[in-house]
Amino acid sequence: DGWLHTGDIGGFDEDGQLMITDRKKDIIVNSGGDNIAPQRVEGVLCMEPEIGQAMVYGDRHPHLVALIVPDKAWLTDWKRDTGNHETDPELRAAIGAAIDRVNGSLSNIEKVRHFILADETFSIDNSEMTPTMKVRRHVLKARYGDRLEALYR
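Note that the coordinates shown come from a computational prediction; the quantities given were computed from them, not determined experimentally. (Residues numbered from 1 in each chain as written. Predicted model: local features only at pLDDT ≥ 70, side-chain atom pairs only at ≥ 80, totals over all residues. Heavy atoms only, no water.)

Caption draft 1: Structural context of a nonpolar patch on the surface. A cluster of nonpolar residues, Phe12, Leu18 and Ile20, forms a patch on the protein surface that exposes about 340 Å² of accessible area. By the secondary structure assignment, Ile20 is in strand β2 (residues 18-23). Taking relative accessible area as the criterion, Ile20 reaches 39% and is therefore assigned partly exposed. (Patch = residues over 30% accessible without salt bridge, like charges linked within 9 Å, V, L, I, M, F, W, Y side chains within 5 Å. Areas by Shrake-Rupley, 256 points an atom, 1.4 Å probe, with all protein chains shown as cover. Salt bridge = Lys/Arg side-chain N within 4 Å of Asp/Glu carboxyl O. Helix = DSSP H or I, 4+ residues; strand = E, 2+ residues; numbered from the N terminus. Buried < 20%, exposed > 50% of the residue type's maximum accessible area, 1.4 Å probe, protein only.)

Structure below.
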């Protein structure tokens, strides 16, 4: 019928060019053409006590990176026990150790190589979660995309 169904979401820019902005199915296709289910990786990450929420990123890139929200209860205990603040490098080291533990159980293409910390918890109020508590990837990409892309440089 003259249509090609790719599973991508997009629109046309002011010049009439098609711009692909997201995928209908939450599948990341890395630069090597491998399909990665981000929910699986995010689920394993969130099983670690240090990590409350996660979004992995890496469509058309050589490896995955992540946006991490530390677990609130863990963070409160960590600050009390260490006397450190959320801005201290030791927090990144603790989160990094949790990601390293997770990476031990993931395939090479699923491993998270770098991460950034989110400025706040993903929620319905800030439009970063749907009412059914699914991550709104396009909203997070719009907010953190430059910082996530910088992890590849």
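Caption draft 2: Region of the structure containing the environment of Asp34. The topology assignment puts Asp34 in the loop between β3 (28-29) and β4 (35-36). Judged by its relative accessible area of 33%, Asp34 is partly exposed. Between the C-alpha atoms of Asp34 and Leu117, which are 83 residues apart in sequence, the distance is 26 Å. Apart from residues no more than four positions distant in its own chain, Asp34 is found in contact with Ile28, Val29 and Ile109. (Contact = heavy atoms within 4.5 Å.)

Caption draft 3: Molecular detail of the sheet that holds strand β7 (residues 112-117). Reading across the sheet, the 3 strands line up as β5-β6-β7 and stay open at both edges, with mixed pairing between neighbours. Bordering the open sheet on either side are β5 (51-57) and β7, each of which pairs with just one other strand. Looking at each pair of strands side by side, their axes are set apart by 30 degrees on average, direction ignored. With 6 bridges connecting them, β5 and strand β6 (residues 64-70) associate as antiparallel partners. The residue bridging Val56 from the neighbouring strand is Ala66, located in β6. On top of the sheet, helix α3 (residues 89-103) reaches β5, β6 and β7; it is set at about 145 degrees to β7, its chief contact. Contacts from helix α4 (residues 137-150) reach β5, β6 and β7, with the element oriented near 80 degrees to β5. (Pairing = 2+ DSSP bridges. Axes fitted to C-alpha atoms, helices over the stretch in contact; angles between N-to-C directions.)

Caption draft 4: Main features of the nonpolar core. Counting residues in hydrophobic clusters, the biggest one holds 24 residues, and the most contacted among them are Val41, Leu45, Val56, Ile68, Ile95 and Ile99. Those elements that provide at least two residues to this core are α1 (38-45), β5, β6, α2 (72-82), α3 and β7. Considering every element that reaches this core, the biggest residue donor is α3, with 6 residues. The contact partners of Ile68, leaving out residues within four places of it in the chain, are Leu45, Ile51, Gln53, Ala54, Ile95, Ile99, Phe115, Ile116, Leu117 and Ala118. The next biggest cluster of nonpolar side chains, apart from the first, holds 14 residues, and it includes Met55, Tyr57, Phe122 and Tyr144. (Core = buried A, V, L, I, M, F, W, Y, C linked by side-chain atoms within 4.5 Å.)

Caption draft 5: Region of interest: the pairing of β5. The element β5 is largely enclosed, with a buried count of 6 among its 7 residues. With antiparallel pairing between neighbouring strands as the criterion, β5 and β6 make up a hairpin whose turn holds 6 residues, including Arg60 at a positive phi of roughly 65 degrees.

Caption draft 6: Just α3, in detail. The terminal C-alpha atoms of α3, which comprises 15 residues, lie 21 Å apart, in line with the 21 Å expected from a rise of 1.5 Å per residue. Every buried residue of α3 is accounted for by Leu91, Ala94, Ile95, Gly96, Ala98, Ile99, Val102 and Asn103. Elements that come into contact with the buried residues of α3 comprise α1, β5, β6, α2 and β7. (Expected span 1.5 Å × (residues − 1).)

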